[in-house]
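What follows is the residue order along each chain.
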Amino acid sequence: MGKVALAAKITHVPSMYLSELDGPRKGSRQDAIDGHVEIGRRCRELGVDTIVVFDTHWLVNASYHVNCAPQFEGTYTSNELPHFISNLAYAFPGNPALGQLLARVCNEHGVEALAHPATTLGPEYGTLVPMRYMNSDQHFKVVSVSALCTVHYLNDSARLGWAMRKAVEEHYDGTVAFLASGSLSHRFAQNGLAPEYAFKIWSPFLQTLDHEVVEIWKRGDWKTFCEMLPEYASKGHGEGFMHDTAMLLGVLGWSAYDGKAEVVTPYFGASGTGQINAIFPVTPQDGHAVPKAVASMADGYSTVATRL
């Protein structure tokens, strides 16, 4: 019935907002902003009605959650970096029907998810920053999904992504884009060194690791990437433990995915972290490679390594 038209891994660095403002950082993130504008343009071109954001700034400690209020509007200041994002006004429509559908089908696939269509919960800046540049005219409805998952399995996040794709394709009358909003390596500069690392990666190891991952994406070696994702998430300080990336790869078919990444904004450093905007063409998939749900079968203690 419905269609998943676009999938992308995107940055949400708060310095994009600073880049708009008068001062020493003005214009410094224009390439990242331009990448968001281009992704928004392509979504329009493809007839997308709703953007679903896997948001690595929405921390949850149990289950997966879908923020699908009918309307989002307010003024946001980051509790993490209030000197970067302060009094940011936002407004865009939600999609309660789609959000509830996504949660229902996730549960049918063995991944516990809860939809919140009647809530005062506002989106986090992993959603707000990209929507500022992709959706300033409120053209798209928006659904936000928790992706800073503290005690979750990466396999479940992959299964969630696949379930959400099936929800759209089998039950939704419309066209959807999925965005994984999070960095590559996410090791912030040590306190006191933030200005020095404003445009740098924290270490040569992390920079080399990120560059290799981008090359893997560009050549489409998804079997290798999916096998290394748990260790990459750990040793690469992946943002949100890279649950957003697992969700996105689940949407795409996991290790059976046969597309190649198109880099829209080249890899760049921000406060020590590694960032990118990259589009992943959506290809036909049957889901055979997507991992099975784990949490629905969990029966006791497991090591952190197995959770990752």
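In this text, all values refer to a predicted model and were calculated from it rather than measured experimentally.

(A) Quick peek at the packing of aromatic side chains. Applying the stated rule across the entire model yields eleven aromatic pairs. Taken together, a centroid distance of 5.5 Å and an interplanar angle of 50 degrees make the contact between Phe 72 and Phe 92 tilted. Taken together, the positions of Phe 72 in strand 4 (residues 71-76) and Phe 92 in strand 5 (residues 88-93) put the pair 20 residues apart, joining distant regions of the chain. In this structure Phe 72 comes out as buried when scored by relative accessible area, which is 4%. Among the residues examined, Phe 92 registers a relative accessible area of 2% and is labelled buried. By the ring-pair criterion, three or more aromatic residues cluster together here, those being Trp 217, Trp 222, Phe 225, Tyr 232, Tyr 257 and Phe 280.

(B) Just the nonpolar core, in detail. Ranked by internal contacts, the top residues of the largest apolar core, which has 64 residues, are Phe 54, Phe 178 and Phe 225. Residue contributions to this core peak at eight residues, all from helix 5 (residues 154-171). Phe 225 has contacts with Val 213, Ile 216, Trp 217, Tyr 232, Thr 245 and Leu 249, leaving out every residue within four places of it along the chain. Membership of the second largest hydrophobic core comes to 37 residues, among which are Met 16, Cys 43, Leu 88 and Ile 279.

(C) Region of interest: the sheet that holds strand 10 (residues 273-280). Judged by pairing direction, the sheet is mixed, and its eight strands sit side by side in the order 6-3-7-2-8-1-10-9 without closing on themselves. The sheet terminates laterally at strand 6 (113-116) and strand 9 (262-270), the two strands that pair on one side only. Across this sheet, the average inter-strand angle for adjacent strands is 20 degrees, counted without regard to direction. Here six bridges tie strand 9 to strand 10, and the two strands are oriented antiparallel to one another. Bridge pairing in strand 10 links Gly 269 to Gly 274. Where helix 6 (residues 204-219) meets the sheet, it contacts strand 1 (3-10), strand 9 and strand 10, and its direction lies at approximately 175 degrees from that of strand 9. Helix 8 (residues 243-252) rests against strand 1, strand 2 (50-60), strand 3 (64-67), strand 7 (141-149), strand 8 (175-181) and strand 10 of the sheet, and its axis sits at about 150 degrees to strand 1.

(D) Main features of the pattern of salt bridges. Scanning the entire structure with this criterion turns up 16 salt bridges. Glu 262 is the partner of Arg 42 in a salt bridge, and the nearest nitrogen-oxygen pair spans 2.6 Å. Here Arg 42 is found in helix 2 (residues 30-45), whereas its partner Glu 262 is found in strand 9, with 220 residues between them in sequence. Judged by relative accessible area, Glu 262 falls into the partly exposed class, the value being 34%. For the salt bridge of Lys 166 with Glu 170, the shortest nitrogen-to-oxygen distance reads 3.4 Å. One end of the pair, Lys 166, and the other, Glu 170, are both in helix 5, four residues apart, so they sit about a helical turn from each other. Lys 166 gets classed as buried once you look at its relative accessible area, which sits at 17%. Among the residues examined, Glu 170 registers a relative accessible area of 43% and is labelled partly exposed. Residues joined in a network through salt bridges with shared partners are Glu 38, Arg 41, Arg 42, Glu 45 and Glu 262.

(E) Representation of the confidence of the model for the chain. Confidence in the prediction for the chain averages 96 pLDDT; 98% of positions are at 70 or higher. Summarising per-element confidence for the chain, the mean pLDDT is lowest in helix 9 (residues 304-307) (65) and highest in strand 8 (99).

(F) Summary view of the environment of Asn 61. Its location among the elements puts Asn 61 in the loop between strand 2 and strand 3. For Asn 61, a relative accessible area of 54% puts it in the exposed group. Residues Asn 61 and Phe 188 lie 127 residues apart in sequence; the distance between their C-alpha atoms is 23 Å. Non-local contacts of Asn 61, meaning those with residues more than four positions away in its chain, are made with Thr 150, Val 151 and His 152. Here Thr 150 takes part through its side chain, which lies 2.8 Å from a polar atom of the side chain of Asn 61.

About the criteria used
Residues numbered from 1 in each chain as written. Predicted model: local features only at pLDDT ≥ 70, side-chain atom pairs only at ≥ 80, totals over all residues. Heavy atoms only, no water. Phe/Tyr/Trp six-rings, centres within 6.5 Å; stacked < 30°, edge-to-face > 60°. Helix = DSSP H or I, 4+ residues; strand = E, 2+ residues; numbered from the N terminus. Buried < 20%, exposed > 50% of the residue type's maximum accessible area, 1.4 Å probe, protein only. Core = buried A, V, L, I, M, F, W, Y, C linked by side-chain atoms within 4.5 Å. Contact = heavy atoms within 4.5 Å. Pairing = 2+ DSSP bridges. Axes fitted to C-alpha atoms, helices over the stretch in contact; angles between N-to-C directions. Salt bridge = Lys/Arg side-chain N within 4 Å of Asp/Glu carboxyl O. pLDDT = per-residue confidence, 0-100. Polar contact = N/O pair within 3.5 Å; in protein donor to acceptor, adjacent residues only side chain to side chain.

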